[in-house]
Amino acid sequence: MAKDLALKKTILLFVLVILFLFTCTWTAMGVERKIKNMPRPQVPPKQQQVDVIIDDSNLQDNLKKAEEMLKKGEFQTSLNTSLKIYDYTRSVLATINLLQKQYEKIAADQKTPLKDREDLLIKMQRMDNLIGRYKKAKEQSALNIGHIYTKRGEIDKARRYLFEVLESAPFDLKKDSTWMRAKTLLLEAYSLEGEF
């Protein structure tokens, strides 16, 4: 009987160990399954910088957006857009300047038929209208770029754009004029605000 009792205790201990191991394994598998099935928190994707393409149809809209972003303090986005506007308008103005010189030569040549000269004169008038519009957009984008670079402390870059605005924009002493804003920012870059 003592042997039967010892054997029963051994078998019971053996069964308990097996159940314990089975329960631990089953619990561990269940925890792993729960972890795998739990959804991971969604991390919002970083806003990707949309590559803005500037052309004549969206020039004014992008210029307004760049100014709005500048007012909101979104300097990098405003800077990227303003730089693209600046490059685009500079390129268009250089192209118009080149073509205008060629058109003037052809229109002045007496050998050119009258109808062709009239067509060229009409095209040159359209070019004059475009020059005014693109020059103003270039000045505004250069002012935005100069403003951002001044606020960032990149003074050499700021001076280049602001000085260009002062050279090309019409002189105007109104506080909110392009010329006066460029002058104020340029003097701020030189640490001479309010001096002259």
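Here's what I pulled together on the structure shown here. Source: prediction; values computed, not measured.

A few words on the environment of Ala169. Inspection of the secondary structure assignment puts Ala169 in the loop between α5 (155-168) and α6 (178-189). Separated by 29 residues in the primary sequence, Ala169 and Gln140 have C-alpha atoms spaced 9.3 Å apart.

Charged atoms that come close allow side chains of opposite charge to pair. Applying the stated criterion to the full structure yields eight salt bridges. Ionic pairing is found between Lys115 and Asp119, a salt bridge with its closest N-O pair at 3.8 Å. Placement of the pair is Lys115 and Asp119 together in helix α4 (residues 114-152), with a separation of four residues, close to one helical turn. Look at Asp119 and you get partly exposed, because its relative accessible area is 33%. Ionic pairing is found between Lys138 and Glu164, a salt bridge with its closest N-O pair at 3.0 Å. Of the two residues, Lys138 sits in helix α4 while Glu164 sits in helix α5, which places them 26 residues apart along the sequence. Across this residue pair, the class does not change: Lys138 and Glu164 are buried.

Conventions we followed
- Residues numbered from 1 in each chain as written.
- Predicted model: local features only at pLDDT ≥ 70, side-chain atom pairs only at ≥ 80, totals over all residues.
- Heavy atoms only, no water.
- Helix = DSSP H or I, 4+ residues; strand = E, 2+ residues; numbered from the N terminus.
- Salt bridge = Lys/Arg side-chain N within 4 Å of Asp/Glu carboxyl O.
- Buried < 20%, exposed > 50% of the residue type's maximum accessible area, 1.4 Å probe, protein only.

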